[in-house]
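Breakdown of the fold
So the chains spell out like this:
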Amino acid sequence: MIVGLTGGIGSGKSTVAQMFRDLGIPVYDSDREAKLLMNAAPEIRQAIMLNFGEAAYTASGLNRAYISNLVFKDKKLLQKLNQIVHPAVAKHFSKWVQKQSTAYIIQESALIFENQSEEKYDQIILVTAPLEERIKRVMKRDKVDRGKVEARINNQLPDTEKEKKANFTIINTNLGKTAETVAKIHEILLNKSVKQ
Ligand SMILES: CC(C)(COP(=O)(O)OP(=O)(O)OC[C@H]1O[C@@H](n2cnc3c(N)ncnc32)[C@H](O)[C@@H]1O)[C@@H](O)C(=O)NCCC(=O)NCCS
Ligand SMILES: Nc1ncnc2c1ncn2[C@@H]1O[C@H](COP(=O)(O)OP(=O)(O)OP(=O)(O)O)[C@@H](O)[C@H]1O
């Protein structure tokens, strides 16, 4: 059974993902794998340099600050980047799935609803938190200004839209409560996987 784990920037997806890993569930981190592929796959590297210029890479690899400065204020460029990266991630994920053997596995991705890819999942878990709290968390975590966080939020759907489509919503404001909710969802998913 394939479970999607999504939520806007700073909602706490990675925090929740770690809680599921602690329960023994494999989690595929799409952000992380996208970055690895952007560095390692020659055809992706080439396509990115062609569209974003040589400055897209430095000696140490992908120049994330340079690319994010371009794409999060220009929807066409973001679309271009997504077109290059997302199919490669999807292919890599399919191979990864085949190697797993637990009752269910999770794909963590910020963009399940934005990409209209909900059909790929048997169940979808949404992580939410109040907008202002999310902005503050990311400003603190990444040491960036409010504008940088808001630019990304502007390229994501509002939680009100996502809540309608998710099977489970975790309101992540208190870590203890979040862990309790994760444990409950885990039990439900184990039950569902038996019935499948
Ligand atoms: C632009 C890049 C280089 C910036 O890297 P950076 O380390 O600053 O951010 P990171 O990848 O950790 O993303 C953090 C958050 O930004 C938001 N975000 C990232 N990519 C996107 C996108 N294409 N559209 C909307 N929001 C996005 C998400 O909330 C994500 O969780 C990077 O985000 C990227 O390569 N994005 C395109 C690939 C992608 O879509 N990844 C996300 C899911 S596969
Ligand atoms: N309930 C919480 N209370 C306080 N801080 C939290 C809580 N949940 C997560 N955080 C912190 O907020 C920040 C964002 O959380 P996390 O990285 O898990 O979010 P994310 O949704 O994966 O973000 P992104 O979309 O940027 O990858 C982290 O520094 C994390 O430690």
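Everything quoted here is computed from the prediction, not taken from an experiment. (Residues numbered from 1 in each chain as written. Chains lettered and ligands numbered in written order. Predicted model: local features only at pLDDT ≥ 70, side-chain atom pairs only at ≥ 80, totals over all residues. Heavy atoms only, no water.)

In this section: the nonpolar core. Counting 21 residues, the largest nonpolar core has Met38, Ile44, Ile48, Phe52, Ile67, Leu81 and Val85 as the members making the most contacts within it. When contributions to this core are tallied by element, the ones reaching two or more residues are helix H2 (30-40), helix H3 (42-52), helix H4 (64-71) and helix H5 (75-98). Top element by residues in this core is H5. It accounts for seven residues. Look past the residues within four positions of Met38 in its chain and what remains in contact with it is Ile44, Arg45, Ile48, Tyr57, Leu62, Leu81 and Val85. Of all hydrophobic cores here, the second largest spans 18 residues; its members include Met1, Met19, Val127 and Phe168. (Core = buried A, V, L, I, M, F, W, Y, C linked by side-chain atoms within 4.5 Å. Buried < 20%, exposed > 50% of the residue type's maximum accessible area, 1.4 Å probe, protein only. Helix = DSSP H or I, 4+ residues; strand = E, 2+ residues; numbered from the N terminus. Contact = heavy atoms within 4.5 Å.)

The next subject is the site of ligand 1. Ligand 1 sits among 19 residues. The nearest are Asp31, Arg64, His86, Arg152 and Gln156. Relative to its free-state accessible area of 770 Å², ligand 1 is covered by the protein chains to the extent of 91%. No other element matches H5, which puts five residues into the shell around ligand 1. In terms of residue class, the shell around ligand 1 is built from eight nonpolar, six polar and five charged. Structurally, the shell around ligand 1 is a two-domain feature, drawing no fewer than three residues from each of domain 1 (1-26 + 104-196) and domain 2 (31-99). (Near = heavy atom within 4 Å. Areas by Shrake-Rupley, 256 points an atom, 1.4 Å probe, with all protein chains shown as cover. Nonpolar A, V, L, I, M, F, W, Y, C, P; charged D, E, K, R; others polar. Domains from an automatic or database assignment.)

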